[in-house]
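Examining the three-dimensional arrangement
So the chains spell out like this:
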Amino acid sequence: MLMLLPISARLSARQAIKPSSSKSLSFGRSLTLRSSSTAAAATASSAANNNANNNNFSIKLPTVAALVGASLLTGYCVGSVHTEQITEIQKDRALPKGERGCCSCDEEGSKEEATKLTDAQTQLSTKLQKIVGTSHVHDGLHESSSTGKFLKGARLGYGKALCIVQPGTLEQAIKCLQAIVDAGCVVVPQGSNTGLTGGSVPRNDTEDTRPSVVLSMKRLDAHFPIDDGKRVVCLAGVGISTLASSISNWFPDRESHSILGSTFLNPTTAAGVAFGSGGTLMRKGPARTDRALYCKVSRNKWGENTVEVVNTLGIEGLQDSDFQEHSGENPVQKLDVYANDVRQGYRRTMAKSSKTGLQIKASDTDYQEKVCQYTKDVSRHNSDTTGEDCNRSEGKVLILATVHDTFQAPSKKRMFWVSFPDMETTAAFRREVCLDNPADLPISCEYLDRDSVDIIDRSGRIATYLIRYLGTGDIMGYLWNVKSAIGELPFSWAPLFCDKFLHVFNNWVPEAIPSKFLNKGREYDHNCMVAVGEFGDGTLDRFMERMDAFIKKYNDKASADDVSEGGKMITYVEAESQADITALNAFRFVAALAFKTYVVGEDLQGISVDYGLPKNYEGVPPLADSAVKPLKRMRYSHFGCNVIHEDIAYALGVDTHTEHMAFKQAVEVEGGKLPAEHGHGTEYRAPQDTQKRWMNMDPLNVLNPGIGGLSYLPKYGQK
């Protein structure tokens, strides 16, 4: 049964979408996309032709084939000979976020295979195929190169599912959700599956016997501007990199929320809202909107499952009040038609927010004020319970579409690498220069300690260059999928092969950022990459005055105090070109990838933790006296909001789970909150008020059961 909340018009799960009666309207500029694979092929072909013209040396095709075949055969033989030994070494080796070197899921078998399916569950795949088409429903019980990307998390989590379904319209998504819960299955909502804490993939090692179905929203990728570009509407599958590119093309003086960070993985905008991700950009805050279209599942008094569609989009013509009950039309159908027209390149009149919609937040508009309040509170964290239910919901509702503010782009930007002699001075810079007042916040302030600089340089050069020269769009996504596919090959060495390769060949390529920055990072323990912009009111000049005054005050005092031998002063180096800025951003945001490559390449173990510290906390959480001394402690952070990412490397044989739990406790003792932006997933236990909020969203526990320490059982084990 399909039902809408009182604020919504009733929908029928079996109604077809009515075609648009007119396509003479215009929404703005249309986009032309070029296949990245075609472009890559053309580039490769051009390079090959150039090489052929410039060199007389040539190798015949049979010779090439023989060499390749011999190499593959040798690799296969070596891998086969050492399979047993490698498996034994890797099985107890913890990689960042708990991922293990070799997955043992196949040995244990899946819940779906062990549990006898009901008739409804057996017929579910066929029913879903009738809704979305045969090619968009995949068998999730038998992993293949095409299904592995849905079943295995980016760093943590692996499981099998009864099936994987990819709806292509909002109405299809709602019908799929209804069919899945009616069959007695649980739903794992999924975007790009780039989550780091295991919450976006099936889990088989639970007490729950209900089969899982992955509901992938990636095909719902339409997006379009409203309100003359001040806001944008995104269906659930739109990637943040895709959105950033579109906004930049449509409105060069505007930018989307997420233009830095994990954009090279192109996670979806809906996932950002569901996790409260982001925060690199201090003037924007974390991903958040109260304007959304999303589904909740409950049960009516007759015992029927009901899908409730909540509409707070606040768009003229798409509000519930715009439709008469039993008229045969509703907001979902109308938005589907509009989105389909946009996807096909039809011109539509740009939509506008309603008066009600303009009063609803489409970003964290209070963040600038909040982050500058130097208090014991944490600026942002995943257990925040404020806002519309879609925010930080972690899959307990199914997000269909969201409205987001766009932001003024700076007319001028400068970027600096600032190095400090100690943490106390670094924290003073944050307090006195970066957070002086809400109006003059920098664009971003990213912290890197010396271990971070060393590890990124040692194991992240290739990734940095790829992002620098290929950007964060389709090609990088393709390469990421290739890396994942290699990791799924049926060889014991496959999961670690790419990271071993990247580590071995890392030093064959030049340093990924200019030496003027890298030398400072190697010399100083504490470094900040600070980006500052001009927004038409003198922001840039005022920031520079504060920074210059702070550095002069500290360095004059250091000189007057006759610093001891080996003492250092604050130094800074400016990025002199856009190429410098691009290189620095890429260097910072491959940190997590570089750490995994480093621990794999050096035959170590690693754990990763993200946490928020109180805004007035100016130190480093100490490790317990009983803690094993790590080989590397890599700290990099969104320094303005005091959200830290910490990657810690240990020797093989160390009980990393014990060290992980002890470190989490150490953070909480200092007043910190975990996690800050990657979501609780299956790795973190959420506070009680957060758990209650999720239980109210999903009383039947059919959407993403088990997250944040919740029960996996129906109705959370309650009768």
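Whatever comes next refers back to the structure up there.
Note that the structure is a prediction, hence the values are computed from the model and not measured. (Residues numbered from 1 in each chain as written. Predicted model: local features only at pLDDT ≥ 70, side-chain atom pairs only at ≥ 80, totals over all residues. Heavy atoms only, no water.)

Quick notes on the overall build of the protein chain
Here is the rule we go by: By the criteria applied, helices consist of DSSP H or I runs no shorter than four residues and strands consist of E runs no shorter than two, each listed in order from the N terminus. Partly exposed describes any residue whose relative accessible area lies between the buried limit of under 20% and the exposed limit of over 50%, with all areas from a 1.4 Å probe on protein chains only and scaled to the type maximum. Contacts between residues were defined by any pair of non-hydrogen atoms, one from each residue, lying within 4.5 Å. To measure how exposed things are, a 1.4 Å probe is used in the Shrake-Rupley method; for residues, cover is taken only from the protein chains shown.
Helix and strand counts for the protein chain come out as 25 helices and 19 strands. With 719 residues in all, the protein chain has 54% of them scored as buried. In the protein chain, once contacts between residues fewer than 6 apart in sequence are set aside, the share between residues at least 24 apart is 78%. For the protein chain, the exposed area adds up to about 31300 Å²; of that, 52% sits on carbon and sulfur atoms.

Regarding unusual backbone geometry
Peptide bonds are trans in most cases, and residues, glycine excluded, mostly fall at negative phi. P675 follows L674 through a cis peptide bond whose omega is -15°. With respect to the element layout, P675 can be found in the loop between helix 24 (656–669) and helix 25 (688–697). Phi at D227 is positive, roughly 55°, even though this residue is not glycine. Relative to the helices and strands, D227 resides in the loop between strand 6 (223–226) and strand 7 (231–235). One non-glycine residue with positive phi stands out, namely Y716, at about 60°.

Quick word on the state of the cysteines
Just so we agree on the cut-off: For the purposes of this analysis, a disulfide is any pair of cysteine sulfur atoms at a distance within 2.5 Å.
Throughout the structure, instances matching the rule amount to 0 disulfides. Cysteine C641 shares no disulfide, and the gap to the nearest cysteine sulfur, in C445, comes to 9.8 Å. Taking relative accessible area as the criterion, C641 reaches 1% and is therefore assigned buried.

As for the sheet that holds strand 15 (residues 526–534)
The cut-off we apply is this: Two strands form a pair only when DSSP identifies at least two bridges running between them. Comment: axis = line fitted to C-alpha atoms, over the contacting stretch for helices; angle = value between 0 and 180 degrees taken between N-to-C directions.
Ordered in space as 16-13-15-14-18-19-17, the 7 strands form an open sheet in which the pairing is antiparallel. Taken across any chain shown, the strands that pair with only one partner, and hence form the sheet edges, are strand 16 (571–574) and strand 17 (605–612). Across the sheet, the mean angle from the axis of one strand to that of its neighbour is 15°, orientation sign disregarded. The strands touched by helix 24 are strand 17, strand 18 (632–638) and strand 19 (643–650); relative to strand 17, the strand with the most contacts, the crossing angle is about 20°.

Some points on the packing of aromatic side chains
Formally: Pairing of aromatic rings covers Phe, Tyr and Trp, the last through its six-membered ring, and needs centres within 6.5 Å; plane angles under 30 degrees mean stacked, over 60 mean edge-to-face, and all others mean tilted.
For the structure shown, the criterion picks out 13 aromatic pairs. Look at F429 and F550: their rings are 5.8 Å apart centre to centre, the planes differ by 65°, and that puts the pair in the edge-to-face class. Taken as a pair, F429 in helix 15 (residues 423–434) and F550 in helix 21 (residues 539–560) lie far apart in primary sequence, 121 residues in all. The class of F429 is buried, set by a relative accessible area of 0%.

Side note on helix 9 (residues 170–182)
A turn of α-helix holds 3.6 residues, and therefore any two residues three or four places apart point the same way. To keep it simple, the criterion reads: Expected helix span is given by 1.5 Å per residue-to-residue step, counting one fewer step than there are residues.
In this model helix 9 runs 18 Å from its N-terminal to its C-terminal C-alpha over 13 residues, within 8% of the 18 Å that 1.5 Å per residue would give. Along helix 9, 11 of the 13 residues are buried, which leaves the element largely enclosed by surrounding structure. All buried positions along helix 9 are accounted for by L170, E171, Q172, A173, I174, C176, L177, Q178, A179, I180 and V181. Note on helix 9: the residue one or two positions beyond its end, G184, has a positive phi of about 80°.

Topic: the nonpolar core
Nonpolar side chains in soluble globular proteins tend to be buried together. This is how the line gets drawn: Residues belong to a common nonpolar core when they are buried Ala, Val, Leu, Ile, Met, Phe, Trp, Tyr or Cys residues joined through side-chain atoms within 4.5 Å.
L124, L128, V165, L177, L293, L335 and L400 are the most contacted members of the largest nonpolar core, which has 66 residues in total. Take this core: its biggest share by element is 8 residues, from helix 9. In this structure V165 touches L128, V132, H136, V137, C176, I180, V213, V214, L215 and S216, once residues within four positions along its chain are discounted.

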